[in-house]
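Overview (structure and organization)
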Amino acid sequence: MNFVIRVRRAAGPGAHVFWQEFAYEGDESESVAAALRELNARTPLTDLNGREAPPVRWECGCACGKCGACAMRVNGLPMLACKAFLGPLG
Ligand code: FES
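Overview of the structure. (Residues numbered from 1 in each chain as written. Predicted model: local features only at pLDDT ≥ 70, side-chain atom pairs only at ≥ 80, totals over all residues. Heavy atoms only, no water.)

**Concerning the overall build of the protein**
When its secondary structure is counted, the protein shows 2 helices and 6 strands. Scanning the protein from its N terminus toward the C terminus, one meets helices and strands in the order β-β-α-β-β-β-β-α. A compact globule built from 90 residues would reach a C-alpha radius of gyration of about 12 Å, and the protein, at 13 Å, matches this within 12%. Across its three principal directions, the C-alpha atoms of the protein cover 35 × 35 × 25 Å. The proportion of buried residues among the 90 residues of the protein is 27%. (Helix = DSSP H or I, 4+ residues; strand = E, 2+ residues; numbered from the N terminus. Rg over C-alpha atoms; globule rule 2.2 N^0.38 Å. Buried < 20%, exposed > 50% of the residue type's maximum accessible area, 1.4 Å probe, protein only.)

**Some details on the packing of aromatic side chains**
Summed over all chains, the structure comprises 0 aromatic pairs. Above the plane of the ring of Trp19 lies Arg6, whose end atom (NZ or CZ) is 4.3 Å from the centre. (Phe/Tyr/Trp six-rings, centres within 6.5 Å; stacked < 30°, edge-to-face > 60°. Lys NZ or Arg CZ within 6 Å of the ring centre and 35° of its normal.)

**Notes on the side chain of Arg9**
Within the secondary structure layout, Arg9 lies in strand β1 (residues 2–10). Buried within the structure, Arg9 lacks any salt-bridge partner; Asp47 is the closest side chain of opposite charge, at an N-O distance of 7.5 Å. Looking at Arg9, its side chain comes within polar contact range of the side chain of Gln20, at 2.8 Å. Ignoring anything within four residues of it in the chain, the contact list for Arg9 reads His16, Val17, Phe18, Gln20, Phe22, Ala53, Pro54, Pro55 and Val56. (Lys, Arg positive; Asp, Glu negative; His and termini not counted. Salt bridge = Lys/Arg side-chain N within 4 Å of Asp/Glu carboxyl O. Polar contact = N/O pair within 3.5 Å; in protein donor to acceptor, adjacent residues only side chain to side chain. Contact = heavy atoms within 4.5 Å.)

**Some words on the layout of surface pockets**
Counted as a void, the largest pocket has a volume near 1,100 Å³. Together, 33 residues line the largest pocket, and Arg6, Val7, Arg8, Trp19 and Arg73 are the ones closest to its centre. With 9 residues, the single largest contributor to the lining of the largest pocket is β1. Grouping the constituent residues of the lining of the largest pocket by class yields 23 nonpolar, 4 polar and 6 charged. (1 Å grid on protein atoms, 1.4 Å probe; cavity = no way out; pocket = protein on both sides within 12 Å on 5 of 7 lines; lining within 4 Å. Points joined across faces, edges and corners; volume = space filled by probe spheres on them. Nonpolar A, V, L, I, M, F, W, Y, C, P; charged D, E, K, R; others polar.)

This is how it looks when you write it as structure tokens:
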């Protein structure tokens, strides 16, 4: 299944904030964390417009929903990236 992963980005604190979109082909049962890991494994990582992009910075710890390190907003709601699955989000 094809997804578009839209990431809110900034070069640093106080820097211009912008959205960047990435094409992702995966299974509905994959987590947001798995999708982000796959994006960051790409060399180079390019966005939907073909522009090279720096890796997506985020934190991950236990990868099983216990530590909270991967907490982020997904579709505007607070979620754990390791427990948020692509299918219900699409
Ligand atoms: S990495 Fe620990 S809760 Fe997601």
